[in-house]
Amino acid sequence: MPATDRGKVLSFINFAAREINCKIVYYGAGLGGKTTNLQVIFDKTADKQKGKMISLATETDRTLFFDFLPLDLGTVRGFKTRFHLYTVPGQVFYDASRKLILRGVDGVVFVADSQEERMDANIESLYNLEENLQSQGYELANIPYVLQLNKRDLPSVVPVQDLTSELQRKSEPVIEAVAATGVGVFDTLKAVAKQVLTELRKS
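Cut-offs applied
Residues numbered from 1 in each chain as written. Predicted model: local features only at pLDDT ≥ 70, side-chain atom pairs only at ≥ 80, totals over all residues. Heavy atoms only, no water. Axes fitted to C-alpha atoms, helices over the stretch in contact; angles between N-to-C directions. Helix = DSSP H or I, 4+ residues; strand = E, 2+ residues; numbered from the N terminus. Parallel < 35°, antiparallel > 145°, perpendicular 65-115°, else oblique. Left-handed = near helix turned anticlockwise from the far one by under 90°. Contact = heavy atoms within 4.5 Å. Nonpolar A, V, L, I, M, F, W, Y, C, P; charged D, E, K, R; others polar. Phe/Tyr/Trp six-rings, centres within 6.5 Å; stacked < 30°, edge-to-face > 60°. Buried < 20%, exposed > 50% of the residue type's maximum accessible area, 1.4 Å probe, protein only. Lys NZ or Arg CZ within 6 Å of the ring centre and 35° of its normal.

## Details of the packing of helix α3 (residues 119-135) against helix α4 (residues 160-167)
Taken N-terminus to C-terminus, the directions of α3 and α4 make an angle of 30°; their axes are 11 Å apart at the nearest point. Classified by the angle between their axes, α3 and α4 sit roughly parallel to one another. By crossing handedness, the relation of α3 to α4 is classed as right-handed. Residues Met119, Asn122, Ile123 and Leu126 of α3 form the contact with α4, whose participating residues are Leu163, Glu166 and Leu167. When the residues that make up the contact of α3 with α4 are grouped by side-chain class, the tally is five nonpolar, one polar and one charged.

Written out as structure tokens, the structure reads:
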């Protein structure tokens, strides 16, 4: 079933496997930690629960995705939930790819780079996310969404309160992270997955 209205959850149900497939996209500026988030999740997920990680590499960037079946997030009407995680390329000139990857999205994680010198890149990427969602018929206000403040271990980071006031869009969960060491990675995933499941149970 592609589910419901434009701007709502668009999960696909595989009746034969009794699975609901959900798509979560990690968005953000280049080198902010999107790929690192996915690699940590992939590495710490048991083999029997995950598919292959696929990487589409370009000269300056890459897009990753894989799917996994979490055992502890519960079922929706007797169906297991299989999550497909994607990253978008960070470079702005891959905008067509970003739009394509957002098609059919169920939830978004925005990975912000906490370093002061990356603030403009974060803001630009966030506006780009909102524009690209709108071009696909979604509104950020209506979809499951988490803001991750990554690289909190580096010396030149912006205070959490300042980053939050600049980047938070709709009182979404804000999670501090050091993706390179795994800190905050699963908290972020659980926060967005929980929202996706809540939306699924409504539809």
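Read on for the rest.
## A look at the packing of aromatic side chains
Within the structure shown, the criterion is met by five aromatic pairs. Relative to Phe79, the ring of Phe15 lies with its centre 5.7 Å away and its plane at 85°, an arrangement referred to as edge-to-face. With Phe15 in the loop between β1 (12-14) and β2 (19-27) and Phe79 in the loop between β4 (62-68) and β5 (80-87), the pair connects residues that are 64 residues apart, well separated along the chain. For Phe15, a relative accessible area of 55% puts it in the exposed group. Ring centres of Phe42 and Phe66 lie 5.1 Å apart, and the angle between their planes is 80°; on these two criteria the pair is classed as edge-to-face. Here Phe66 lies in strand β4 and Phe42 lies in helix α1 (residues 34-44), a separation of 24 residues in the sequence. Under the relative-accessibility criterion, Phe42 is labelled buried at 18%. Grouping aromatic residues by their ring pairs yields a cluster made of Phe42, Phe66, Phe68 and Phe83. For the cation-ring pair, Arg18 lies above Phe79, with the distance from its terminal atom to the ring centre recorded as 4.3 Å. Positioned above the aromatic ring of Tyr86, the side-chain terminus of Lys23 is 4.6 Å from the ring centre.

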